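Residue strings, one per chain:
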Amino acid sequence: MNLYDICIVGAGVVGCAIARELGRRRWDRPLRIIVLERNQAAGLETSGRNSGVLHSGIHENPHSLKARLAHEGSALAVSYATERGIPLLNTGMIIAVAWEDIRRGLWKEASSLRRLWFNAWKTGTRVTFVTASRLRTWEPNLHACCGIVIPSVSVIDPQAFVQSLKADAEETGSVFAFNHPVTGIQDDGRAYTLTTDRQTIHATCLINAAGLHSDHIANLALHSENYTIRPLRGEYYEVVPPEKRALVRRLIYPALPPLATGKGIHFSPRPDGRLFIGPNAVPVTDKLDYTSNKTPPGLFIEAARKFLPVLEEQDLRWAYAGIRPCVVAGDGDKHDFIVSTDRAEPPLVNLVGIESPGLSASLALARHVVDLPCIQQRFRL
Ligand SMILES: Cc1cc2nc3c(=O)[nH]c(=O)nc-3n(C[C@H](O)[C@H](O)[C@H](O)COP(=O)(O)OP(=O)(O)OC[C@H]3O[C@@H](n4cnc5c(N)ncnc54)[C@H](O)[C@@H]3O)c2cc1C
């Protein structure tokens, strides 16, 4: 009989980090843990389709889970990557106001720097305010009148990160079952029975880390429509000519007006030396639709040329897209991670709406989940 103590649905960065964290702790007995993943490998959905930025959390409301877990999780991820030799680029992040915006009288962008500065102060993140001349010492080709610099921000290789977390979890005994899409969930008051195409699994505790499909998994487990995810695609273009790619070495984000969606189209350098521009925000109906109706490069070149006027449309090549799992609630979109113990017995923990900065937060999010009373009370020594 396939009987486990804990079943995690989803082998993205969050599911793998939780399996790893469970394996690191001491319990009343060795826990039998299984991770069910519908794809053939870990990290093939959102976790492998992002910017890889280990965010400081200052873009978020300082009282949110997102801010706290991104701040803690990024520091943990940097140490982890350094220890394991996972590719990491310590670029720092510049959030800048373009001259063009100031000329158009868009002082809202400048005031957004004040808000970010305040958030940094609240969360204890070191930032420096810089004027145009100081910015040029960091990024000589950047056309910007001012900005803030967050020196601690790094970029990680997200695929290597996920694979390493998975390997750690396997080393402590977690089992990963790939090509196992969960299609049904029942409970008898003591354990869950999960149906997949290939086998039936019984587990006394269920952790839902199914990303874009976490609403579906939660609704299967709860037998009601508790959550709805609205997929929002983010596309990227790559800067191809090596001489243009060399013009920007750091993460450059725009300072956005307060109610703007996301963090804005940015210059996104990677540990392997490539440079991308993105992501935008396009609502899609299919949660796995990465390619239909691709946004032409015009929007990206417009956003990028404000900071780097020498960039031309022909310098860009379509790269890839990722899809954000935004949560819709009765009163509109929710803007924080949902980590909810939706049933105490048998324990059911739903992680829903783990959009950016979920990669940054993953190691802290895993600690947060494993510290939940429903897990601690059931398995702790
Ligand atoms: C464009 C974009 C840019 C981003 N940039 C950043 C960034 O720079 N920094 C940052 O911190 N965050 C960023 N993020 C957010 C980050 O990528 C996510 O928060 C994170 O990857 C979420 O991980 P996850 O494990 O929750 O989800 P996923 O990676 O989606 O993993 C969920 C897994 O569950 C599996 N699954 C789903 N349904 C089932 C089922 N029925 N049965 C079995 N398995 C199932 C899926 O196959 C998938 O592998 C970005 C996101 C996007 C879209």
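The rules behind the values
Residues numbered from 1 in each chain as written. Predicted model: local features only at pLDDT ≥ 70, side-chain atom pairs only at ≥ 80, totals over all residues. Domains from an automatic or database assignment. Contact = placed C-beta atoms within 7 Å. Nonpolar A, V, L, I, M, F, W, Y, C, P; charged D, E, K, R; others polar. Helix = DSSP H or I, 4+ residues; strand = E, 2+ residues; numbered from the N terminus. Buried ≥ 20, exposed ≤ 12 C-beta atoms within 10 Å, placed from the backbone. Axes fitted to C-alpha atoms, helices over the stretch in contact; angles between N-to-C directions. Parallel < 35°, antiparallel > 145°, perpendicular 65-115°, else oblique. Pairing = 2+ DSSP bridges. Bend = angle between axes of the 7 residues up to and from the residue. Core = buried A, V, L, I, M, F, W, Y, C linked by C-beta atoms within 7 Å.

### Description of the domain arrangement of the protein
As far as domains go, the protein holds domain 1 (3-48 + 159-227 + 336-379) and domain 2 (90-153 + 230-332). Computed over C-alpha atoms only, the centres of domain 1 and domain 2 are separated by 32 Å. Taken together, the contact pairs 12 residues of domain 1 with 8 residues of domain 2. Across the side of domain 1 that touches domain 2, the residue classes break down as 5 nonpolar, 6 polar and 1 charged.

### With respect to the environment of His 143
Inspection of the secondary structure assignment puts His 143 in the loop between helix H5 (132-138) and strand S7 (146-150). Among the residues examined, His 143 registers 18 C-beta atoms within 10 Å and is labelled partly exposed. Taking the C-alpha atoms as reference, His 143 lies 8.1 Å from Ala 132; in sequence the two are 11 residues apart.

### Regarding the packing of helix H2 (residues 65-84) against helix H10 (residues 358-370)
Any two packed helices are characterised by how steeply their axes cross, that is the angle between the axes, and by the distance between the axes. For the pair H2 and H10, the least separation of the axes is 5 Å and the interaxial angle reads 105°. Between H2 and H10, the crossing angle belongs to the class labelled roughly perpendicular. Contacts from Lys 66, Leu 69, Ala 70, Glu 72, Gly 73, Ser 74, Leu 76, Ala 77 and Tyr 80 of H2 reach H10 at Ser 360, Ala 361, Ser 362, Leu 363, Ala 364, Leu 365 and His 368.

### Examining the sheet that holds strand S4 (residues 88-89)
Taking strand neighbours across the sheet as the criterion, the 3 strands line up as S3-S8-S4 in an open arrangement whose pairing is antiparallel. At either margin of the open sheet sits one strand with a lone partner, and together these are strand S3 (53-54) and S4.

### Notes on the pairing of strand S11 (residues 192-196)
As paired elements, strand S10 (residues 182-187) and S11 share 5 bridges and run antiparallel to each other. Directly across from Ile 185, in S11, lies its bridge partner Leu 194. Joining the antiparallel neighbours S10 and S11 is a turn of 4 residues, in which Gly 189 adopts a positive phi near 90°. Summarising the sheet, S11 and strand S12 (residues 200-208) pair through 4 bridges and their orientation is antiparallel.

### Remarks on unusual backbone geometry
For the bond from Glu 345 to Pro 346, the omega torsion is -10°, close enough to zero to count as cis. Looking at where Pro 346 falls in the secondary structure, it is placed in the loop between strand S20 (338-343) and strand S21 (348-352). In the segment running from Ser 356 into Pro 357, the intervening peptide bond is cis, with an omega of 10°. Here Pro 357 is to be found in the loop between S21 and H10. A positive phi is found at Asn 179, a non-glycine position, where the angle reads about 55°. Locating Asn 179 in the fold gives a position in the loop between strand S9 (175-177) and S10. Classification of Asn 179 as partly exposed rests on a count of 13 C-beta atoms within 10 Å. Phi is positive for His 223, which is not a glycine, with a value near 55°. Looking at the secondary structure, you find His 223 in the loop between helix H7 (214-222) and strand S13 (228-239).

### Describing the pairing of S12
Across the 9 residues that make up S12, a large majority, 7, are buried. Note: strand S1 (residues 3-9) against S12, 6 bridges, orientation parallel. Along S12, the bridge assignment pairs Leu 3 with His 202. In this structure, the hairpin formed by S11 and S12 is closed by a connection of 3 residues.

### Comments concerning H10
Residue Ala 364 marks the point of greatest curvature in H10, where the axis turns by about 45°. Of all 13 residues that make up H10, 12 are buried, and the element is covered over most of its length. Among all positions of H10, only Gly 358, Leu 359, Ser 360, Ala 361, Ser 362, Leu 363, Ala 364, Leu 365, Ala 366, His 368, Val 369 and Val 370 are buried.

### Considering the environment of Arg 324
With respect to the helices and strands, Arg 324 occurs in strand S18 (residues 316-329). Overall, Arg 324 belongs to the buried group, with 23 C-beta atoms counted inside 10 Å. Those residues in contact with Arg 324, other than ones at most four positions away along the chain, are Leu 232, Gly 234, Glu 355 and Ser 356.

### Here we look at the nonpolar core
Membership of the largest hydrophobic core comes to 112 residues, with the highest contact counts inside it found for Ile 6, Cys 7, Ile 18, Ala 96 and Ile 277. Two domains each provide a minimum of three residues to this core, namely domain 1 (3-48 + 159-227 + 336-379) and domain 2 (90-153 + 230-332). The residues contacting Cys 7, other than those within four sequence positions of it, are Ile 34, Leu 36, Tyr 192, Leu 194, Ile 201, Ala 203 and Leu 206.

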